[in-house]
Amino acid sequence: MTTIPSRLAKMTGISSNRAESRLRAIDLYRAWVRAAPEICSIYALNVTPTYLRHSIRQKFEQNRHVTDQRAIEVLLLKGQQELQETLNCWKQPDHIYGIMLQNNQRPHRTFLQKFYEGRDEDAVLPAASGVV
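Since the model is a prediction, treat every value here as computed from it, not as a measurement.

(A) Spatial organisation of the overall build of the protein. When you go through the protein residue by residue, the secondary structure sums to five helices and zero strands. When the helices and strands of the protein are listed from N to C terminus, the series reads α-α-α-α-α. Buried positions account for 23% of the 132 residues belonging to the protein. Counting contacts in the protein only where the partners sit at least 6 residues apart, residues at least 24 apart contribute 72% of the total.

Below you can see the structure in the form of structure tokens.
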């Protein structure tokens, strides 16, 4: 496949209000969902386009609570940039697996579960030298 960087290039726009930001977010989401089969074929991923769409949906849902207009603009800009880089094959398959498909959320553990394990990972910072 020939890489044509300008095929997805868009002028950076700034939304004037929340409704316009919402429409831009929906357009970006639709572009990602429509590109899922192409992403799977370009990178020869071992996942179905349906699973990729599901993980795209999760990424968008993670930022659903954002209300600051400037933060929304940054997220829209980064989302468009990620889409363009992905479809232009400027990423490796590991980037797709690591960023898009990996669930970064750890299961919630209670204080007692952490206590029984003998550590509290949230309170311990790793050493910079790597030697514990």
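(B) Looking closely at a nonpolar patch on the surface. A surface patch of nonpolar side chains, about 540 Å² in accessible area, is lined by Phe-111, Leu-112, Phe-115 and Tyr-116. Considering the arrangement of structural elements, one finds Leu-112 in helix α5 (residues 111-117).

(C) Region of the structure containing the side chain of Ser-21. In this structure, Ser-21 sits in helix α1 (residues 18-42). Once you skip the residues sitting within four places of it in the chain, Ser-21 turns out to touch Ser-15, Gln-69, Ile-72, Glu-73 and Leu-76.

(D) View of the layout of surface pockets. Within this model, the largest pocket holds a volume of roughly 950 Å³. Of all the secondary-structure elements, those providing two or more residues to the lining of the largest pocket are α1, α2 (49-62), α3 (69-87) and α4 (93-100). Sorting elements by how many residues they give to the lining of the largest pocket places α1 first, with eight residues. Here the residues of the lining of the largest pocket are counted per class, giving 13 nonpolar, four polar and eight charged. If you add up the space inside the second largest pocket, you get close to 370 Å³. Along its surface, the second largest pocket is lined by 16 residues, and Lys-10, Met-11, Arg-24, Leu-76 and Gln-80 are the ones closest to its centre.

About the cut-offs
- Residues numbered from 1 in each chain as written.
- Predicted model: local features only at pLDDT ≥ 70, side-chain atom pairs only at ≥ 80, totals over all residues.
- Heavy atoms only, no water.
- Helix = DSSP H or I, 4+ residues; strand = E, 2+ residues; numbered from the N terminus.
- Buried < 20%, exposed > 50% of the residue type's maximum accessible area, 1.4 Å probe, protein only.
- Contact = heavy atoms within 4.5 Å.
- Patch = residues over 30% accessible without salt bridge, like charges linked within 9 Å, V, L, I, M, F, W, Y side chains within 5 Å.
- Areas by Shrake-Rupley, 256 points an atom, 1.4 Å probe, with all protein chains shown as cover.
- Salt bridge = Lys/Arg side-chain N within 4 Å of Asp/Glu carboxyl O.
- 1 Å grid on protein atoms, 1.4 Å probe; cavity = no way out; pocket = protein on both sides within 12 Å on 5 of 7 lines; lining within 4 Å.
- Points joined across faces, edges and corners; volume = space filled by probe spheres on them.
- Nonpolar A, V, L, I, M, F, W, Y, C, P; charged D, E, K, R; others polar.

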